[in-house]
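Structure at a glance
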Amino acid sequence: MIAPSLACGCVAVAARRGHGRPAAPAARGRQGSAPAREPAAATGVQGYSPPPPPVSPIRGLIDFHTHASPDVFGRSVDDDELASLAAARQMEAVVFKSHVTLTADRAWLARKHVPGVKVFGGVTLNLVVGGLNPQAVQWMWRMQGGFGRVVWFPTFDADNHVRRAGTAPTGIRVVDERGAVLPTVRDILKICAAQRLVVHTGHASAEQALALIAAAREEGCDRVVVTHAQFDVVDMNEAQMKKAAAMGAKMEICALGMFVGPEAVLEFMQHSPRVPPAVTAARIKSVGAQHFVLGTDLGQAGNPTPADGLQVFVAGLQKEGVTREQIQTMGRENPGALLMG
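The residue numbering used here restarts from 1 in each chain and proceeds along that chain's sequence as written. Side-chain atom pairs in this predicted model are given and counted only at pLDDT of 80 or more, local residue features only at pLDDT of at least 70, and totals for whole chains, interfaces and linings cover all residues. As a convention, hydrogens and water are excluded, and side-chain values are obtained from all of the structure's heavy atoms.

Let us now look at empty space enclosed by the protein. The method works on a 1 Å grid over the protein atoms by themselves. A cavity is a set of points holding a 1.4 Å probe that cannot get out, a pocket is an open set with protein on both sides within 12 Å along at least five of seven lines, and residues with an atom within 4 Å of a point line them. Grid points are joined across faces, edges and corners, and a volume is the space filled by probe spheres set on the points. Size it by volume and the largest cavity reaches roughly 60 Å³. Taken together, 13 residues form the lining of the largest cavity, with Ala158, Ile172, Val174, Ala204 and Gln208 sitting closest to its centre. Class assignment for the residues of the lining of the largest cavity results in 7 nonpolar, 4 polar and 2 charged. Under the grouping applied here, Gly and all other residues not named as nonpolar or charged are polar, the nonpolar ones being Ala, Val, Leu, Ile, Met, Phe, Trp, Tyr, Cys and Pro and the charged ones Asp, Glu, Lys and Arg.

Structure follows, in structure tokens:
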């Protein structure tokens, strides 16, 4: 979910799975009969969409950033529906995010209700959980199932966010006036390092995110992600992305960027600049796919579902020259290592 003028809206990585069409069954009937012919490609009827592909275009991928109901914001699907759609597309996993509540317990319930897809959750350090509250992190990772794997630093309560949006004079700060990371932030990072949790930078600015990455590495965290790095609330440029990558962080790129902007159908998403697939593809090619993870940040009522959005996002990136191998790196290998490695 985004505020006005801000766009935001296994033990090891599994081996690659085959993505080709299954081999045709052996011909039946009398010996010596002609071999069965491969059926012609089904292209659909002119003017209509083709039939579903034999293999889901997002099979095996992980959506690192989804939203669902119950929530305080309008959502298009609930937890079980989101997980079911992902399972139906043969996705590997999804990450539930909420700005206002724990999702580690919801991940456990969704796994119980929806077989066939892994679900992970975490906690966002907004005011509702006490802000920069180490105890919120301690109790999150202890939740039954062990599926609480992600800690997001403040999002819409972040000082950077509220100042940009004009929603409050100040917000939760992660750095002091000199740009040094606050001691409480380091306390949280120590917990994340000990429990091997994924540290997300939230709605910190690009410079603040770099400071968080440096502190996280100093405290022993090896799983750090810049939250929707391209969105205007963060606005990480190419040089900053390369610096973050050199420090060992991943950048999250999100499908939601395709659906915001002046032409957006949803009014509250018209105030943020659109991030076209061509721009994202150029960053991937420049910085390197090994430094990115795919997410959607979708789930808003009126927008595509996360599963549909991810499929559109992948298609858009591939149209701009991003290879299937790079999609696998960003959408399966990197997030798999972060969540399950």
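A 1.4 Å probe rolled over the protein chains alone gives each residue an accessible area, and that area as a share of the maximum for its type sets the label: buried under 20%, exposed over 50%, partly exposed in between. A run of DSSP states H or I qualifies as a helix once it reaches four residues; a run of E qualifies as a strand once it reaches two. Both are numbered from the N-terminal end. Burial analysis of strand E1 (residues 62-66) places 5 of its 5 residues in the buried class, the great majority of the element. The pairing of E1 with strand E2 (residues 93-96) spans 3 bridges and is classified as parallel. By the bridge assignment, Ile62 is partnered in E2 with Ala93. Orient the strands so they point away from the viewer, and a crossover whose first-strand-to-second-strand path over the helix runs clockwise is right-handed. Since E1 and E2 lie parallel, the crossover through helix H1 (residues 79-88) that links them has a hand, and here it is right-handed. Any two strands between which DSSP finds at least two bridges are classified as paired.

Consecutive residues of a regular strand have side chains that alternate between opposite faces of the sheet. Of the two faces of E2, the one holding Ala93 and Val95 and the one holding Val94 and Phe96 are both buried throughout. Of the strand pairs in this sheet, E2 and strand E3 (residues 118-124) are connected by 3 bridges, and their pairing is parallel. The partner of Val94 across the bridge, within E3, is Val119. Crossover connection from E2 via helix H2 (residues 104-113) to parallel E3: handedness right-handed.

This paragraph deals with the packing of helix H5 (residues 183-195) against helix H6 (residues 206-218). Throughout, an axis means a line fitted to C-alpha atoms (over the contacting stretch in the case of helices), and angles, computed between N-to-C directions, take values from 0 to 180 degrees. Contact geometry of H5 with H6 gives a least axis separation of 9 Å together with a crossing angle of 50°. Relative to H6, H5 is oriented oblique. Note that H5 runs across H6; the crossing there is right-handed. When H5 is examined against H6, the residues Val185, Arg186 and Leu189 are found in contact with a partner set consisting of Leu212, Ala215, Ala216 and Glu218. Looking at side-chain class alone, the contact of H5 with H6 contains 5 nonpolar, no polar and 2 charged residues. Working definition: roughly parallel below 35 degrees, roughly antiparallel above 145 degrees, roughly perpendicular at 65 to 115 degrees, and oblique for all remaining angles. Working rule for handedness: look at the near helix, and if it is turned counterclockwise from the far one by less than a right angle, call the crossing left-handed; if clockwise, right-handed. What makes two residues a contact is simply this: any of their non-hydrogen atoms within 4.5 Å.

Before going further, it helps to spend a moment on the packing of H6 against helix H7 (residues 238-246). Look at H6 against H7: their axes get within 10 Å of each other, and the N-to-C directions meet at 10°. It follows from the interaxial angle that H6 and H7 lie roughly parallel. Residues Ala206, Glu207, Leu210 and Ile213 of H6 form the contact with H7, whose own contacting residues are Gln240, Lys243 and Ala244. For the contact of H6 with H7, the residue count by class is 4 nonpolar, 1 polar and 2 charged.

A word on H6. With 13 residues, H6 ought to run about 18 Å at 1.5 Å a step, and its terminal C-alpha atoms sit 19 Å apart, in line with that. Those residues of H6 not exposed but buried are Ala206, Gln208, Ala209, Leu210, Ala211, Leu212, Ile213, Ala215 and Ala216. A helix is expected to span 1.5 Å for every residue after the first.

What follows covers the nonpolar core. Counting residues in each nonpolar core, the largest one holds 84 residues, and the members touching the most others are Leu125, Val137, Val151, Phe153, Met236, Met251 and Met330. In terms of residue count, the dominant contributor to this core is H6 (8 residues). In this view, Phe153 contacts Thr124, Leu125, Leu132, Val174, Val185, Ile188, Leu189, Val199, His200, Thr201 and Gly202; residues no more than four positions away in its chain are not counted. The set of buried Ala, Val, Leu, Ile, Met, Phe, Trp, Tyr and Cys residues whose side-chain atoms join them within 4.5 Å is what this entry labels a nonpolar core. Residues Val150, Trp152, Val293 and Leu339 belong to the second largest nonpolar core, which totals 13 residues.

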